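Structural description and commentary
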Amino acid sequence: MTYFEQHAFNPDRFRRNGHRLVDLLASFLEGSVDRKPAEVLRQIDPEKMLDLWEGAFQDAPTADLFSLIERVLAQSNNLQHPRYIGHQCCTPLPTAALVDLVGTLLNNGSAVYEMGPVNVAMERRLVSWMAGLIGYDTRSDGVFTNGGTVGNLTALLVARGQAVDYDIWKTGYDRTQPLGVLVSQQCHYSVTRAIGVMGLGEAAVYSVPVDDAYQMTQKGLSSTYERVLRDGRQPFAVVGNGCATATGRYDDLNRLADFAEHHQLWFHVDGAHGASALLSPRYRHLLAGVHRADSIVWDAHKMLMIPALATAVIFKNGAHSFEAFSQRASYLFSGEPQEEWYNYAHRTMECTKSMMGLKLYVPLKVYGVGLFQRFIEHTFDLTEQFADMIAAASDFELAVRPQSNIICFRYTPVGAVDLNGLQRRIRQALLRRGRFYIVQTKLNQELYLRCTIINPNTQVVDLTELLKEIRHLGTQGPTPAPADQTYL
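About the cut-offs
Residues numbered from 1 in each chain as written. Predicted model: local features only at pLDDT ≥ 70, side-chain atom pairs only at ≥ 80, totals over all residues. Heavy atoms only, no water. Helix = DSSP H or I, 4+ residues; strand = E, 2+ residues; numbered from the N terminus. Rg over C-alpha atoms; globule rule 2.2 N^0.38 Å. Buried < 20%, exposed > 50% of the residue type's maximum accessible area, 1.4 Å probe, protein only. Pairing = 2+ DSSP bridges. Axes fitted to C-alpha atoms, helices over the stretch in contact; angles between N-to-C directions. Contact = heavy atoms within 4.5 Å. Salt bridge = Lys/Arg side-chain N within 4 Å of Asp/Glu carboxyl O. Parallel < 35°, antiparallel > 145°, perpendicular 65-115°, else oblique. Left-handed = near helix turned anticlockwise from the far one by under 90°. Nonpolar A, V, L, I, M, F, W, Y, C, P; charged D, E, K, R; others polar. Patch = residues over 30% accessible without salt bridge, like charges linked within 9 Å, V, L, I, M, F, W, Y side chains within 5 Å. Areas by Shrake-Rupley, 256 points an atom, 1.4 Å probe, with all protein chains shown as cover. Core = buried A, V, L, I, M, F, W, Y, C linked by side-chain atoms within 4.5 Å. Polar contact = N/O pair within 3.5 Å; in protein donor to acceptor, adjacent residues only side chain to side chain. Phe/Tyr/Trp six-rings, centres within 6.5 Å; stacked < 30°, edge-to-face > 60°.

1. Examining the overall build of the protein
- Within the protein, the regular secondary structure consists of 16 helices and eleven strands.
- Taken over the C-alpha trace, the protein has a radius of gyration of 24 Å; the compact-globule value for 488 residues is 23 Å, and the two agree within 12%.
- Projecting the C-alpha coordinates of the protein onto the three principal axes gives extents of approximately 75 × 60 × 45 Å.
- Counting across all 488 residues of the protein, residues that qualify as buried make up 49%.

Written as structure tokens, this is what we have:
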């Protein structure tokens, strides 16, 4: 037995530790579903947290595996808790977590086929399945990548390449031909970040006004397009929300498709969160017109309950999926990019790519699509019920009627003066108590409380208790608390 087998790669020790770890996680899951402990998180400020995790690493072992894991569980945000209704981070399927363990142990990088053959095949099948739900035909193609940020960047790189008549990869930008992109005022920051990463600059981002439903308007599209031209820029893409992160509202994708076709623009849909509605016969109408988009991103790690990260970026014309990255690496590739669909490094930012397809493919086979459809409909329906509760309450106000599982509202008791300050104080107090996790967002310069109902075990009783808690905290006087700290 080698030193490494004896100390770190011993199968028997791994088996014992694995059984014990699964038992520990199962108990954690059981307690979370039963709302025990009551806290979703225990708020610890960043400096204190840093003190709790000392950074001295010794030659000899200094800690026990399970004592460390127990500390991690106790100090982490518990997304398995039904009262986690904050950011768009899903409650991952326990089976998907087990599958992720398999992928982690195998560690087959799937950017190159010979390194990850099984995952490459699974990913290919998943992209085809998702493209079919979008309404694309067999010409479509795409790839999985590490998150919607990289997915949006990949799609916009292709859009940029279609817009210019020179090899921008080799020569860089022609500064005499500046570009512009039309995006919603409600677009996710990953879209504007992608434009920045591309070197186009903030001046290339043109925000299109939205209406009271937080959708881009026809008038806003036209006036913004004219502004791009007046600024001497060439508009090359319009990006629609399917749905918006802040409000959960969907743009009118057919309207955007008509506009893009009329002006010969690339039409991209950021469907990172909301594209999963395509699985529901009752909610897929929210994405009417998505089949007309040139590209779309779709996160499996949001509404498909898959551990992060796993994002599909899919192109209506699959040949475009090879155009974002045109470098050659002779030690990896032997043929032309489009001859090697199975070498995904031709089409992604990553040279090392984890087994993203594995953790979605297996649950789809094990549970069937019906589980995911029911999850989407449950969370969307429950959010609609929550909206009814808020609308019926005289001391609460909806920002807009929800279309998805994202809802924005605020507490508006009679006599309240500083409503923005009140929402901030309520959220800070909620986090200190730890019984709920919610976030906040600004809409038209007004602060709103924001929930994403993304845990399959969240029930009406949890939302009823949240409103009670908000009322209770809203009647308390101001408490000393930092305003808008980033870790909150």
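2. A word on the sheet that holds strand β9 (residues 406–411)
- The strand order β8-β9-β11-β10 describes an open sheet built from four strands, whose pairing is antiparallel. With partners counted over all chains shown, the strands left at the sheet margins are β8 (396–398) and β10 (439–443), one partner each. Here the strands of the sheet are splayed against their neighbours by 40 degrees on average, with no regard to which way each runs.
- Here β9 runs beside strand β11 (residues 446–452); their pairing, made up of four bridges, is antiparallel. Its bridge partner being in β11, I407 is matched across the sheet by C451.
- Together, β8, β9 and β11 form the strand contacts of helix α14 (residues 369–392), whose direction differs from that of β9 by roughly 15 degrees.

3. Section: unusual backbone geometry
- Omega for the peptide link from K36 to P37 comes to 5 degrees, which places this bond in the cis form.
- Residue placement: P37 occurs in the loop between α2 (11–33) and α3 (46–52).
- A cis amide bond links G242 to the next residue, C243, at an omega of 15 degrees.
- Looking at the element boundaries, C243 is found in the loop between β4 (234–241) and α11 (253–263).
- At N107, a residue that is not glycine, the phi angle is positive and equals roughly 55 degrees.
- Residue Y214 is not a glycine yet carries a positive backbone phi of 60 degrees.

4. Points about the pattern of salt bridges
- Following the criterion strictly, the structure yields 21 salt bridges and no others.
- One salt bridge connects E261 with R292, and the closest N-O pair in it is separated by 3.2 Å. Here E261 is found in helix α11, whereas its partner R292 is found in the loop between β5 (266–270) and β6 (295–299), with 31 residues between them in sequence.
- By relative accessible area, which is 18% here, R292 ends up buried.
- Its salt-bridge partner being R410, residue E446 comes within 3.1 Å of it at the nearest N-O pair.

5. A look at the packing of helix α5 (residues 94–106) against helix α13 (residues 356–367)
- Across the interface, α5 lies against α13 with an axial gap of 9 Å and an inter-helix angle of 135 degrees. As far as their axial angle goes, α13 and α5 are oblique. The two elements α5 and α13 cross, and the hand of that crossing is right-handed. For the pair α5 and α13, the contacting residues are T95, A96, V99, D100, V102 and G103 in the first and L358, K359, V362, P363 and Y367 in the second.
- Across the contact of α5 with α13, the residue classes break down as seven nonpolar, two polar and two charged.

6. Some thoughts on a nonpolar patch on the surface
- Together, L52, W53, L68 and V72 line one region of the surface with nonpolar side chains, adding up to about 280 Å² of accessible area.
- Relative to the helices and strands, V72 is located in helix α4 (residues 65–75).

7. Some thoughts on the nonpolar core
- Core analysis: the biggest nonpolar cluster contains 63 residues, and F144, F267, W298 and I314 have the highest contact counts within it.
- Contact partners of I314, with chain neighbours within four places excluded, come to V127, M130, A131, I134, Y136, D141, G142, D294, S295 and I296.
- Counting 31 residues, the second-largest nonpolar core is a separate cluster that includes V181, C187, I195 and W266.

8. Some details on the side chain of T383
- Along the chain, the position of T383 falls in helix α14.
- Relative accessible area serves as the criterion here: at 0%, T383 is assigned to the buried category.
- Only 2.7 Å separates the side chain of T383 from the backbone oxygen of T379, close enough to count as a polar contact.
- Aside from chain neighbours lying at most four places away, what touches T383 is P402, S404, N405, I406, I407 and I453.

9. Things to note about the side chain of T441
- Mapped onto the elements of the fold, T441 is located in strand β10.
- Taking relative accessible area as the criterion, T441 reaches 13% and is therefore assigned buried.
- T441 has contacts with A246, C408, E446, L447, Y448 and R450, leaving out every residue within four places of it along the chain.

10. Some details on the environment of Y283
- Within the secondary structure layout, Y283 lies in the loop between β5 and β6.
- Remark: the alpha-carbon pair of Y283 and V417, spanning 134 residues in sequence, is separated by 39 Å.
- Apart from the residues lying within four places of it in its own chain, the contact partners of Y283 are A277, E377, F380 and D381.

11. So, the packing of aromatic side chains
- One pass over the full model with this rule turns up ten aromatic pairs.
- Plain terms: the ring middles of Y225 and F259 are 5.8 Å apart, the flat faces sit at 85 degrees to each other, and that makes the pair edge-to-face. Of this pair, Y225 sits in helix α10 (residues 218–230) while F259 is found in helix α11, placing the two residues 34 residues apart along the sequence.
- With relative accessibility at 12%, the residue Y225 sits in the buried group.
- Summarising the aromatic geometry, the rings of W266 and F315 are spaced 6.3 Å apart at their centres and angled 65 degrees between planes, so their arrangement reads as edge-to-face. With a gap of 49 residues between them, W266 in strand β5 and F315 in strand β7 (residues 311–315) connect regions that are remote in the sequence. Of the two residues examined, W266 and F315, each falls in the buried class.

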